Amino acid sequence: MASFVLVHGAWHGSWCWKRVRRALQEQGHDVFTPTLTGVGERSHLLSRDVILETHILDVVNLMRWEELSEVVLCGHSYGGCVISGVADRMPDRIRSLVYLDAFVLEDGENLAQHVPEIQYQRLGEGAKNVGEGWMVPPIPGEVFKVNTEDLEWVNRQCTMHPKACFQQRIKLQGGIDKINNVSFILATGFVDGSPFPPLYQKAKAKGWKTFTIPCGHDVMLDRPEELTRILLSALEASRGAGKEHSLQRD
């Protein structure tokens, strides 16, 4: 049995992981899918004070109080920023890191600088028009190429996200460099204006395990079975089992 901590992206919540969570639990694993402060069922806590640091602490404190160790820590999209901060502070508790079509920040960087300028301007316009200048309305699921069966549900479930989370620069002190088992998954069905292909190429250059899945950005909804297999492969690789897996890498 292992512990998986799955961190959602901007505007989402624990709800988006339900299929993958169930699949991992059915194999006997402990699975935690925290909803970050201010979104989803915790949207009543949304305020100007919620920043990237708030969300890093959400996950750090979950792992501390649940006394988790040997964790497979996965972050989707904005959640990649979060798991980098967590991993930097708690490297000894983490067995494997998985970036799922996600932002990977270096020390001193923020999410905003990895988003194409015209897209970030649109986010700012949305915040100005309907978010009182500090809340960013959800990007429609159509943009993220969410599958047609889930599209209406996803658009209904997503909530405002604090803009400050995209602006705060992360502080990394080298702890994350102690983690050797790192993977990056690219969703190849979402490439128009996607900020993730350059990060995928950077991951390959670093020697990380890299995977591609032909689906939209919300991989956990579009291809939950394939994602579950990759998460389990990250677990097995971290155990140094020395086995060949049926799942093909790039």
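The structure we're discussing is the one just above.
First things first, this report covers the structure right here in the doc. (Residues numbered from 1 in each chain as written. Predicted model: local features only at pLDDT ≥ 70, side-chain atom pairs only at ≥ 80, totals over all residues. Heavy atoms only, no water.)

### Regarding empty space enclosed by the protein
A full pass over the atoms with the stated rule returns 1 cavity of 30 Å³ or more. The volume enclosed by the largest cavity comes to roughly 30 Å³. Lining the largest cavity are Gly9, Ala10, Trp11, His12, His76, Ser77, Phe144, His217 and Asp218. Residue composition of the lining of the largest cavity, grouped by class: 3 nonpolar, 5 polar and 1 charged. (1 Å grid on protein atoms, 1.4 Å probe; cavity = no way out; pocket = protein on both sides within 12 Å on 5 of 7 lines; lining within 4 Å. Points joined across faces, edges and corners; volume = space filled by probe spheres on them. Nonpolar A, V, L, I, M, F, W, Y, C, P; charged D, E, K, R; others polar.)

### Examining the sheet that holds strand S4 (residues 94-100)
Think of a sheet as strands paired side by side through backbone hydrogen bonds, with each pair either parallel or antiparallel. Strand order in the open sheet formed by 6 strands is S2-S1-S3-S4-S7-S8, with parallel pairing between adjacent strands. Of all the strands in the sheet, the pair left with one neighbour each is strand S2 (30-32) and strand S8 (209-213). On average, adjacent strands in this sheet sit at an angle of 20° to one another, irrespective of strand direction. Those strands touched by helix H7 (residues 196-206) are strand S7 (182-187) and S8, and its axis lies near 150° from that of S7. (Pairing = 2+ DSSP bridges. Helix = DSSP H or I, 4+ residues; strand = E, 2+ residues; numbered from the N terminus. Axes fitted to C-alpha atoms, helices over the stretch in contact; angles between N-to-C directions. Contact = heavy atoms within 4.5 Å.)

### Details of the packing of aromatic side chains
Under the criterion given, the structure shown has 7 aromatic pairs. Pairing Trp15 with Trp153 gives two aromatic rings, centres 5.1 Å apart and planes at 75°, and the pair type is edge-to-face. One end of the pair, Trp15, is in the loop between strand S1 (3-7) and helix H1 (18-26); the other, Trp153, is in helix H5 (residues 148-157), and 138 residues separate them in sequence. Note on accessibility: Trp15 and Trp153 belong to one class, buried. A network of ring pairs unites the aromatic residues Trp11, Tyr78 and Phe166 as a single cluster. (Phe/Tyr/Trp six-rings, centres within 6.5 Å; stacked < 30°, edge-to-face > 60°. Buried < 20%, exposed > 50% of the residue type's maximum accessible area, 1.4 Å probe, protein only.)

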